[in-house]
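Summary of structural features
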Amino acid sequence: MTILDKCKHYFNTFFTFLLFTFFTTSLYAIPTMDATNFKEPLELRGPWGFSPGIISHASAPELQHQSILLPHFVESKLNTSQSEVTFALKLRTLPNIPLTLDLNEPFSVWKLYINDILVAQSGKFAEHSTDHKAAIYRKNITFTPTSETTTLLIQLANSEHEHIGFYQTPTVASTEIMTQSYFKKYLFETVITALLILVGIYHIGLFAVWKKDKAPLWFGILSLFVALRMSSTSEMILVDVFDSLSWEMLLRTQYISGLLSLPLYVWYLDSLYPNQIIRVAKYFYFTIALFFLMLASFFPTLTFTPFLLTYEFVYLSFIIYTLIVLFRAVSVKETGSLLAFVTFVILSGLLIHDFLRFDNVIASSTDIAPYGFVLYLIAQAAILLQRYAQTFTLIEEHTDNLEHVVADRTKELSRLVEQRELLLRELTHRVKNNLQFIISLILIQRKEADPRTLVSLKTLESQIQSISSVHETLCSQENVTFVELNNYMLNFIHSIRNFYPKVEITYTQPSTPFYINPDHAVSLGLIINELITNHLKHSNPTDVSPVIISIESNEDTQIVLHYRDGHDHREMFHHTEVSTFGLPKLGWPMIKVLIKQINGEIIPYKERLEIKLNCYNEDK
């Protein structure tokens, strides 16, 4: 080989070394994320530098050669959850601008280093992987960057849980933004928790009044345990109440409150639909839940936490079983079964979302099952109202024939009527209070909602208020069987004027009182609310024509409501579909469905609408 060839060989070798050094440095450097501009807390979701074991410096080569996406549990990469692991991430920051970091409480002992300086830690590290001791740490970490690059290094060590890693990603923001975000989440969860507790206590009290129906008892206890579950997760409100609570006790509380929800719902379902349940399945789920409950109560945390995946499959099978029971109830037209079926489908979807989120299958930052339970709570209120309304109607029918029944039977039925009247009046108050709780919750959300969501929330609030007006009218009259239409319309028009101040609403009172079924009053209120909403939607915001409503008698058993808003509704009425894929739509389709439900009739004219529906005379 000539000297020239040797020079070429050495040059190629040196150039290859430079390329290799450049690419390996760029490919295996610790990931970097921008943290210079915030409008809301930034989730540090994405690749982090990762290495098994405890690494003391972010510059260590072990952290430069592999990365992992967070949130993620890493026991599969370590072959055991009783181990140690280190994560690292670089942030592009603005010097001298304070930032706040929230680690979202990983299931581990941890230490946080910023630029290789220890700034926070939770729990106690031990020499052996089996002796680490976790603790509760709920404080956010505030630090001030000194340069344009800030390095986070997090050491995790676990001996007490089946998982090691991050269930939720850490978040970072300016101190002001992080404080505001924490306050909003904490306030919202406090309101939801308080609502669940109040509802639970009320249902238990309802059972104490009438012990024959156990549905309120099981649902009340279930509401309390869901409240306990919610207060022990996320913002961990329970820790503020019991500041001496240990990490182990908090974990057991989270598991036990979740595990107990299954047997409680089994008994609740049994009390609602005793003829549709499968007895063997009921005792099977109760036994399984009892077994897991004993594990979570008396065994070490490292023993019962690995069974969570198994219990999730039990939950999934129970969801399928519940859907079968509710479908059977719908097929025989049990009271409220269709509403229960639809809302449980929604709740099931939210539960599955939370299962997948916990198992790191999907990327999400919030547990949403409690919100589904609030929706199910509303549905349960409607179901109980229907059940008691049907019971009261049945009693009324028996009362008409009391003169043909023996004296002993008459006394027995009279006592039953008194009990039902008491329960129905208490139930009316409960529904009214629950609806006001929901309206208050919507008001909280309206303050932070964007314009598009604000319109939807305001429409939803007005619809709920129209339903609440029925119960407000019932509470103000002696007879809770029927609604005095004029009083209801006065309450309803007053609330509508508050919601839509731009609309001038004129209401002409009838000369004689009319009475209608409470269910029909709810539908009528929703119809008028939808008409006014559509009127606003299709009107010039600067020139909204007035709405004129009047009521007159057509026959002894029928009334006619006249509605005028300056629009010609004939074309819209005749060219709208009632449903899509079997589900009712908003606007005119929903109005048609509601008219059909009350056995009424709606007739569009050029300048007005006429709504005909049945009523009862004053003697009724």
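Below is a summary of the structure that appears in this document.

Cut-offs applied
- Residues numbered from 1 in each chain as written.
- Predicted model: local features only at pLDDT ≥ 70, side-chain atom pairs only at ≥ 80, totals over all residues.
- Heavy atoms only, no water.
- Salt bridge = Lys/Arg side-chain N within 4 Å of Asp/Glu carboxyl O.
- Buried < 20%, exposed > 50% of the residue type's maximum accessible area, 1.4 Å probe, protein only.
- 1 Å grid on protein atoms, 1.4 Å probe; cavity = no way out; pocket = protein on both sides within 12 Å on 5 of 7 lines; lining within 4 Å.
- Points joined across faces, edges and corners; volume = space filled by probe spheres on them.
- Helix = DSSP H or I, 4+ residues; strand = E, 2+ residues; numbered from the N terminus.
- Nonpolar A, V, L, I, M, F, W, Y, C, P; charged D, E, K, R; others polar.
- Axes fitted to C-alpha atoms, helices over the stretch in contact; angles between N-to-C directions.
- Parallel < 35°, antiparallel > 145°, perpendicular 65-115°, else oblique.
- Left-handed = near helix turned anticlockwise from the far one by under 90°.
- Pairing = 2+ DSSP bridges.
- Contact = heavy atoms within 4.5 Å.
- Patch = residues over 30% accessible without salt bridge, like charges linked within 9 Å, V, L, I, M, F, W, Y side chains within 5 Å.
- Areas by Shrake-Rupley, 256 points an atom, 1.4 Å probe, with all protein chains shown as cover.
- Core = buried A, V, L, I, M, F, W, Y, C linked by side-chain atoms within 4.5 Å.
- Polar contact = N/O pair within 3.5 Å; in protein donor to acceptor, adjacent residues only side chain to side chain.
- Phe/Tyr/Trp six-rings, centres within 6.5 Å; stacked < 30°, edge-to-face > 60°.
- Lys NZ or Arg CZ within 6 Å of the ring centre and 35° of its normal.

1. A look at the pattern of salt bridges
- Within this structure, the stated rule accounts for seven salt bridges.
- Measuring nitrogen to oxygen at the nearest pair gives 2.5 Å for the salt bridge that ties E43 to R45.
- E43 gets classed as partly exposed once you look at its relative accessible area, which sits at 26%.
- Connected via shared salt-bridge partners are D270, R279 and K282.

2. So, empty space enclosed by the protein
- A full pass over the atoms with the stated rule returns one cavity of 30 Å³ or more.
- Of the pockets and cavities examined, the largest cavity occupies roughly 60 Å³.
- Counting only elements with at least two residues in the lining of the largest cavity, the list comes to helix 6 (247-272), helix 7 (279-298) and helix 9 (308-331).
- Tallying contributions element by element places helix 7 first for the lining of the largest cavity, with three residues.
- The residue makeup of the lining of the largest cavity, split by class, is nine nonpolar, no polar and no charged.

3. Digging into the packing of helix 4 (residues 215-232) against helix 6
- With their axes 8 Å apart at the nearest point, helix 4 and helix 6 run at an angle of 160 degrees to one another. Considering their axes alone, helix 4 and helix 6 lie roughly antiparallel with respect to each other. For the element pair helix 4 and helix 6, the recorded crossing hand is left-handed.
- Looking at side-chain class alone, the contact of helix 4 with helix 6 contains 15 nonpolar, seven polar and one charged residues.

4. Quick notes on unusual backbone geometry
- The phi angle at N79 is positive, at roughly 70 degrees, despite the residue not being glycine.
- For N79, the position within the fold is in the loop between helix 2 (75-78) and strand 5 (84-92).
- N79 gets classed as exposed once you look at its relative accessible area, which sits at 74%.
- Unusually for a residue other than glycine, K333 sits at a positive phi of about 60 degrees.
- Position of K333 among the secondary structure elements: in the loop between helix 9 and helix 10 (337-358).
- On the basis of relative accessibility, which here comes to 75%, the residue K333 falls in the exposed class.

5. Focus: the sheet that holds strand 6 (residues 99-102)
- With antiparallel pairing, four strands are arranged side by side in an open sheet as 2-11-6-9. This sheet does not close on itself; its edge strands, each paired only once, are strand 2 (42-43) and strand 9 (141-143).
- Bridge count between strand 6 and strand 9: three bridges; the pairing is antiparallel. If you follow T100 over to strand 9, its bridge partner there is T142.
- Seen against the sheet, helix 3 (residues 175-209) touches strand 6, strand 9 and strand 11 (171-174) and runs at an angle of roughly 120 degrees to strand 11.

6. Brief notes about a nonpolar patch on the surface
- Together, F286, L290, M294, F298 and F299 line one region of the surface with nonpolar side chains, adding up to about 510 Å² of accessible area.
- Structurally, L290 can be placed in helix 7.

7. Thoughts on the nonpolar core
- Membership of the largest hydrophobic core comes to 54 residues, with the highest contact counts inside it found for L262, Y265, Y285 and Y321.
- Elements supplying a minimum of two residues to this core: helix 3, helix 4, helix 6, helix 7, helix 9, helix 10 and helix 11 (369-400).
- With residues near it in sequence (within four places) discarded, Y285 still touches L262, V266, V314, S317, F318 and Y321.
- By size, the runner-up hydrophobic cluster in this structure holds 41 residues, among which are F492, L524, I532 and I591.

8. Digging into the environment of T80
- Examined against the element boundaries, T80 turns out to sit in the loop between helix 2 and strand 5.
- What makes T80 partly exposed here is its relative accessible area of 34%.
- Between the alpha carbons of T80 and E162 there is a distance of 8.5 Å; along the sequence they are 82 residues apart.
- Of note is the side chain of T80, whose polar atom sits 3.2 Å from the backbone nitrogen of Q82.

9. Let's talk about the packing of aromatic side chains
- For the structure shown, the criterion picks out 22 aromatic pairs.
- Centroid distance Y311 to Y315: 5.3 Å. Interplanar angle 80 degrees. Geometry classified as edge-to-face. Here Y311 and its partner Y315 are both found in helix 9, four residues apart, which amounts to about one turn of the helix. Pair check on accessibility: Y311 and Y315 agree, each one buried.
- Taken together, F219, Y265, Y268, F284, Y285, F318, Y321 and F344 form an aromatic cluster joined through their ring pairs.
- Sitting over the ring of F125, K111 keeps its end group 4.9 Å from the ring centre.
- Taking NZ or CZ as reference, R608 lies 4.3 Å from the ring centre of Y605, over its face.

Geometry only, nothing functional implied.
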